[in-house]
Amino acid sequence: MFRYIKKSLVLICLLLPVFPGAQTLKIWDFKYTDPKTRKAFDRVDHLFQDEYQGIQVEHTGFFDQEYIPALRTALLAGTGPDIIFLHGGTEFVEFSSYLAPLDLYLAESDLRFRQESLDAGTLEGAPQKALPLTIQGFGWYYNKELFLQAGLDPENPPMEWEDFLETCRILKDKGITPIAAGNNRPLTSEFIRRSLIGAFFRKNEIATFYKEARGVSSERFRTIITFCKTLSDSGYFHKEGLFRPYFNFAVETFENGKAAMIPGLLSDIAHWKNFSDALGADNVGYFPNLIHPDMANPGVQLLQDAGVLVCINRSSLYPDEAFLYLEHLFSGESQKILTDDLGLLSPLVDSRLPLEKYPVLQSIREAMVNTAPDPEMYVPSVFVSDMQYRLDDLLINTGEITVDQYLIKIIDELKLY
């Protein structure tokens, strides 16, 4: 049925420019405020408008802190966009009741996703309500030239727990900032915390990590929080970065060769392509995680099977046209733009990586053999996420609370869940 509708829409769209009142698809996106991302998506949007000339795209970007409150208000008021970008996990769960089922569209579509990625866009026993635009994860990128300057082996990254701390000490003693940081809001410490949870805890423990404070009450979580505090207290984080945003200050610090390491992403932004283009493709190394004797899965790659989800508002006046846009995102032309310009790692089964041009991708591909789920997928509410940011700020940035006070506060709050 959708194939027939799609063909009909193509014919209608070819005729619509003759008449006034072309349809407008409204897209809301938390990535679009980044200049590189906006430029790439503008190209994708223009290709769509060229193919469907009776459909205009109105793409609106929001800064991270503004997005969810604005989206929540618009959906409650019935004025939400046609196409919605969401993170997986808590955000998707919160807004799933506002999203249109996609099963009938997918049944007649040629799109083929990794099943694990597709599962991120549905709740158990419920219809498919989102498509995965990217896969996502965290790991450590490092500057091989700065390692050499410090007398460190650039081909032997410091994955062992004590080796990592010793590497940070050596780098600092040589006048090199060990870790590029952006901790306002506290993302550097959050990325490290989430990655270490993935390594210290088993998959079934990660799934219940926040329930009744099970995970946060453990000694293993204390080890993680103490480690993050140690990195800050020892001056291993970029001092100024503790009070600056991650996605510009930390990333620019690393790309400009002013810090030796950064906890970065696998896809979208702050990743293999950005860093390789800035520092030289042969100058960027990668390791997925640290190794500690108490870890359940030492050195594991933290992975979100869907980093970004794209969805259709169930109240959209143009659901068929909206799905045409979703299909367009996964077309060969669009995927090439998103990979070449933004470094997107696609969840499509036939996606390919530019391994020859970007050698660091070989390390990432090897790391992907052993993965752990991201604990963020199991955060019970946006309130809990915001609470962790506030506590990280007080513990790591300003030093106003101790590790004990941090743990007491978060455990007390999580008893409700």
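Use the structure listed above.
Rules and cut-offs
Residues numbered from 1 in each chain as written. Predicted model: local features only at pLDDT ≥ 70, side-chain atom pairs only at ≥ 80, totals over all residues. Heavy atoms only, no water. Helix = DSSP H or I, 4+ residues; strand = E, 2+ residues; numbered from the N terminus. Buried < 20%, exposed > 50% of the residue type's maximum accessible area, 1.4 Å probe, protein only. Contact = heavy atoms within 4.5 Å. Phe/Tyr/Trp six-rings, centres within 6.5 Å; stacked < 30°, edge-to-face > 60°. Pairing = 2+ DSSP bridges. Right-handed = clockwise from strand over helix to strand, strands pointing away. Polar contact = N/O pair within 3.5 Å; in protein donor to acceptor, adjacent residues only side chain to side chain. Core = buried A, V, L, I, M, F, W, Y, C linked by side-chain atoms within 4.5 Å. Arc of directions from axis to C-beta.

Q: So what's going on with the environment of Ala260? Which residues, and what values?
A: Along the chain, Ala260 turns up in the loop between helix 12 (246–255) and strand 5 (261–265). With a relative accessible area of 0%, Ala260 lands in the buried category. Residues Ala260 and Lys172, 88 residues apart in the sequence, show an inter-C-alpha distance of 9.8 Å. Beyond its immediate sequence surroundings of up to four residues, Ala260 is in contact with Tyr141, Tyr142, Asn143, Leu146, Phe147, Leu171, Ile176, Thr177, Pro178 and Phe254.

Q: Which residues make up the packing of aromatic side chains, and what values go with them?
A: Going through the model one piece at a time under the given rule, you end up with 25 aromatic pairs. Residues Phe41 and Phe85 carry aromatic rings whose centres are separated by 5.9 Å and whose planes lie at 75° to one another, so their mutual orientation is edge-to-face. Here Phe41, found in helix 2 (residues 35–51), pairs with Phe85, found in strand 3 (residues 83–87); they are 44 residues apart in sequence, far enough to count as distant. The exposure class of Phe41 is buried, given its relative accessible area of 4%. The buried category is assigned to Phe85, whose relative accessible area is 1%. Ring geometry for Tyr142 against Phe147: centres 4.8 Å apart, planes inclined by 35°, an arrangement best described as tilted.

Q: Any details on the pairing of strand 1 (residues 23–29)? Residues and values, ideally.
A: In terms of strand pairing, strand 1 meets strand 2 (residues 55–61) through seven bridges, oriented parallel. What sits directly across from Trp28, in strand 2, is Thr60. Handedness of the crossover is the feature at issue here: the chain leaves strand 1, passes through helix 2, returns alongside strand 2, and the resulting connection is right-handed. Where strand 1 meets strand 3, two bridges bridge the pair, whose relative direction is parallel. Directly across from Trp28, in strand 3, lies its bridge partner Ile84.

Q: Summarise the environment of Arg352; cite the residues concerned and give the values.
A: Mapped onto the elements, Arg352 comes out in the loop between helix 15 (332–342) and helix 16 (360–367). When the C-alpha atoms of Arg352 and Gly399 are compared, they prove to be 45 Å apart, with 47 residues separating the residues in sequence. Looking at Arg352, its side chain comes within polar contact range of the main-chain oxygen of Asp350, at 3.3 Å.

Q: Please provide a residue-by-residue account of the nonpolar core, values included.
A: By size, the foremost hydrophobic cluster in this structure holds 55 residues, and its most contacted members are Phe164, Ile179, Leu196, Phe221, Phe227, Leu231 and Met261. Those elements giving two or more residues to this core turn out to be strand 4 (131–143), helix 7 (144–149), helix 8 (161–173), helix 9 (187–200), helix 11 (219–233), helix 17 (382–397) and helix 18 (403–414). Setting aside residues no more than four positions away along its own chain, Leu196 makes contact with Trp161, Ile224, Phe227, Asn289, Leu290 and Met295. Judged by nonpolar contacts, the second largest core, of 54 residues, contains Phe48, Tyr52, Leu324 and Leu326.

Q: Explain the pairing of strand 5 to me, and be specific about the residues and the numbers.
A: Within strand 5, five of the five residues are buried, which leaves it mostly tucked inside the rest of the structure. Alternating residues of strand 5 divide into Met261, Pro263 and Leu265 and Ile262 and Gly264, and every residue in both groups is buried. In the sheet, strand 4 pairs with strand 5 via five bridges, with the strands oriented antiparallel. Each bridged residue has a counterpart across the sheet, and for Tyr141 the counterpart in strand 5 is Ile262.

Q: I'd like a description of unusual backbone geometry, backed by residues and values.
A: Asn184 connects to Arg185 through a cis peptide bond whose omega is 0°. Its place among the elements puts Arg185 in the loop between helix 8 and helix 9. A positive phi angle is found at Ala213, which is not glycine, with a value near 60°. Structurally, the position occupied by Ala213 is in the loop between helix 10 (203–207) and helix 11.

Q: Tell me about helix 16, residues and numbers included.
A: Within helix 16, burial applies to Val360, Leu361, Ile364 and Ala367. Within helix 16, the buried residues cover an arc of 115° as seen down the axis, which keeps them to one side. For helix 16, the secondary structure elements touched by its buried residues are strand 4, helix 13 (272–279), strand 6 (284–287), strand 7 (301–312) and strand 8 (371–373).

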